Amino acid sequence: MLLTEYRPFQVDKQLVERSIKENKPLTVKGIIQRAEAKNQNGRIYPKEILLREIEKYVMGPVKERRALGELDHPESSVINLQNVSHNIVEIKVKGNDIYGTFEILSTPAGNILKELFRNGITVGVSSRGMGSVKELSEGTVEVEDD
């Protein structure tokens, strides 16, 4: 089952303007995931599972500068390089909140994302993963160990 999560990202318009004007990468930060809390999709991510998977992700794709993300919210778990807009350069955990630092790339999709930010449009951050869930109650499921 494809598991997705969405969180709105707020970006300072002045940082976007400076990035475009100086032709420098735009870096944005924000909460990308939350452990132990029911999300808008009715899922709860146990902290121990998130920490384990974050460590794998940081030691692999993030460290190797291949933690790419797409502009849209595709149905597939496979990254389509034509739609890549950003690269995750850092992930930190503070309590139950997972923070990410993203470098917005100068790809066609990245430039669209910069323009959206530049115009004050709130864009969400979503995560994708594969796994199973266990129903806890009507409308609430918990992400399993796989």
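Chemist: So what exactly am I meant to see when it comes to the sheet that holds strand β5 (residues 84-94) here?
Modeler: As a general point, the strands of a sheet are linked pairwise by backbone hydrogen bonds and lie either parallel or antiparallel. One open sheet accounts for four strands, arranged β2-β6-β5-β4; its pairing is antiparallel. Edge positions in the open sheet fall to β2 (26-34) and β4 (68-70), since each of these has one partner strand only. On average, each strand axis in the sheet is tilted by 40 degrees relative to the strand beside it, whichever way the strands run. Here β2 pairs with strand β6 (residues 97-104) via eight bridges, running antiparallel. Its bridge partner lying in β6, arginine 34 is registered against aspartate 97. Sitting on the sheet, helix α2 (residues 47-62) is in contact with β2, β4, β5 and β6, with an inclination near 130 degrees to β5. The strands touched by helix α3 (residues 108-118) within the sheet are β2, β5 and β6, with β5 carrying the most contacts at an inclination of about 65 degrees.

Chemist: Explain the nonpolar core to me, please; I cannot follow it from the model alone.
Modeler: General note: in soluble globular proteins, nonpolar side chains tend to be found buried as a group. Of all hydrophobic cores here, the largest spans 22 residues; its most connected members are Phe9, Val28, Ile32, Ile91, Phe102, Ile104 and Phe117. Put simply, the parts of the chain that give this core at least two residues each are β2, α2, β5, β6, α3 and β7 (123-130).

Chemist: What exactly am I supposed to notice about the packing of helix α1 (residues 13-21) against α3 here?
Modeler: Each pair of packed helices can be described by the angle between their axes along with the distance between the axes. Close contact between α1 and α3 brings their axes to 8 Å; oriented N to C, the two are set at 135 degrees. Classed by the angle they form, the pair α1 and α3 counts as oblique. Along this stretch, α1 crosses α3, giving a crossing that reads as left-handed. Facing Lys13, Val16, Glu17, Ser19 and Ile20 of α1, the residues of α3 in contact are Lys114, Glu115, Phe117 and Arg118. Its residues placed into classes, the contact of α1 with α3 shows three nonpolar, one polar and five charged.

Chemist: Just checking my understanding: could you explain the packing of aromatic side chains for this structure?
Modeler: Pairs of aromatic rings are described using the distance from one ring centre to the other and the angle between the two planes. This model, assessed by the stated rule, comprises zero aromatic pairs. The side chain of lysine 94 reaches across the aromatic face of tyrosine 99, ending 5.1 Å from its centre.

Conventions and cut-offs
Residues numbered from 1 in each chain as written. Predicted model: local features only at pLDDT ≥ 70, side-chain atom pairs only at ≥ 80, totals over all residues. Heavy atoms only, no water. Pairing = 2+ DSSP bridges. Helix = DSSP H or I, 4+ residues; strand = E, 2+ residues; numbered from the N terminus. Axes fitted to C-alpha atoms, helices over the stretch in contact; angles between N-to-C directions. Contact = heavy atoms within 4.5 Å. Core = buried A, V, L, I, M, F, W, Y, C linked by side-chain atoms within 4.5 Å. Buried < 20%, exposed > 50% of the residue type's maximum accessible area, 1.4 Å probe, protein only. Parallel < 35°, antiparallel > 145°, perpendicular 65-115°, else oblique. Left-handed = near helix turned anticlockwise from the far one by under 90°. Nonpolar A, V, L, I, M, F, W, Y, C, P; charged D, E, K, R; others polar. Phe/Tyr/Trp six-rings, centres within 6.5 Å; stacked < 30°, edge-to-face > 60°. Lys NZ or Arg CZ within 6 Å of the ring centre and 35° of its normal.

The values are spatial; any link to function lies outside them.
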